[in-house]
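One-letter residues, chain by chain:
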Amino acid sequence: LDKGEQLLLRNYLIVCLLLPMSQRPCAVANLQVQEIASMWKNRTLLVDKHKNAHTAGPAPLPTLEDNVRRGLDIYVQRYRRASEDVSEVFVSFTKGNALDASTISAAFARWFDECAVLDYHVTANSLRHDQSTRAIEDPELADVAVDIARGMCHSEETRRTRYLQT
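Procedures and definitions
Residues numbered from 1 in each chain as written. Predicted model: local features only at pLDDT ≥ 70, side-chain atom pairs only at ≥ 80, totals over all residues. Heavy atoms only, no water. Buried < 20%, exposed > 50% of the residue type's maximum accessible area, 1.4 Å probe, protein only. Helix = DSSP H or I, 4+ residues; strand = E, 2+ residues; numbered from the N terminus. Pairing = 2+ DSSP bridges. Salt bridge = Lys/Arg side-chain N within 4 Å of Asp/Glu carboxyl O. Core = buried A, V, L, I, M, F, W, Y, C linked by side-chain atoms within 4.5 Å. Contact = heavy atoms within 4.5 Å. Axes fitted to C-alpha atoms, helices over the stretch in contact; angles between N-to-C directions. Parallel < 35°, antiparallel > 145°, perpendicular 65-115°, else oblique. Left-handed = near helix turned anticlockwise from the far one by under 90°.

**What about the pairing of strand β1 (residues 44–47)?**
Line of reasoning, step 1. Alternating residues of β1 divide into L45 and V47, all buried, and T44 and L46, none buried.
Line of reasoning, step 2. Relative to strand β2 (residues 59–62), β1 runs antiparallel, the two sharing four bridges. Looking at β2, one finds that T44 is bridged to P62.

**Focus: the pattern of salt bridges**
When their charged atoms lie close together, side chains carrying opposite charge are able to pair.
Line of reasoning, step 1. Scanning the model with the defined rule gives one salt bridge in all.
Line of reasoning, step 2. Note that R69 and D66 form a salt bridge whose closest N and O atoms lie 1.9 Å from each other. One end of the pair is R69 and the other is D66, both in helix α5 (residues 66–79) and three residues apart, which spans about a single turn.

**Structural notes on the nonpolar core**
Line of reasoning, step 1. Formed by 36 residues in total, the largest nonpolar core has its most connected members in L31, L72, Y75, F90 and F108.
Line of reasoning, step 2. Those elements that place two or more of their residues in this core are α1 (3–18), α2 (25–29), β1, β2, α5, α6 (101–115) and α7 (124–137).
Line of reasoning, step 3. It is α1 that contributes the most residues to this core, seven residues altogether.
Line of reasoning, step 4. Those residues in contact with L31 that lie beyond four places of it in its chain are L17, I36, L45, V47, L61, S87, E88, V89 and F90.

**Notes on the environment of A82**
Line of reasoning, step 1. Along the chain, A82 falls in the loop between α5 and α6.
Line of reasoning, step 2. Take A82: its relative accessible area is 29%, and that puts it in the partly exposed class.
Line of reasoning, step 3. Once residues lying within four places of it in the same chain are set aside, the contact partners of A82 are V91 and G96.

**Regarding the packing of α1 against α5**
Line of reasoning, step 1. Relative orientation of the contacting elements α1 and α5 amounts to 135 degrees, with a least axis distance of 10 Å. Relative to α5, the element α1 lies oblique. Between α1 and α5 lies a crossing of left-handed hand. Of α5, the residues touching α1 (which contributes Q6, L9, R10, Y12, L13, C16 and L17) are N67, V68, G71, L72, Y75 and Y79.

Shown next as structure tokens:
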């Protein structure tokens, strides 16, 4: 793959990891190479290092689709060129430094902008807001709203006070 195609692959994988659980970009930014070894048996990556790890525990990143798991393997084995001291999965192509949460978030938004699938700008944060709002407003989700918040590493209080859209 050329550099542009490698960037598309990396950004596609970022979208695939953030989208199912509306997870925090910092969970993807902190995903370690050694953590992806478990994805073939568990189908969910558990990231120990993220914003609310001290209260919420590991952040779940589902990798249910075989193409996502194969894509992660290919990316790590062939295209990830990290500095020796960098263990994060997603790195800069130029310097080999780990991507921070804001860069992960920008890659997520750029994917949707470039695909021109939607007529509005999507960010990882707007996705989280939308998911939380739906869990509050949709009567069919009332029974699982707490589980949704937990999967997003939110407390119930945070979900209700900070993410409700009106």
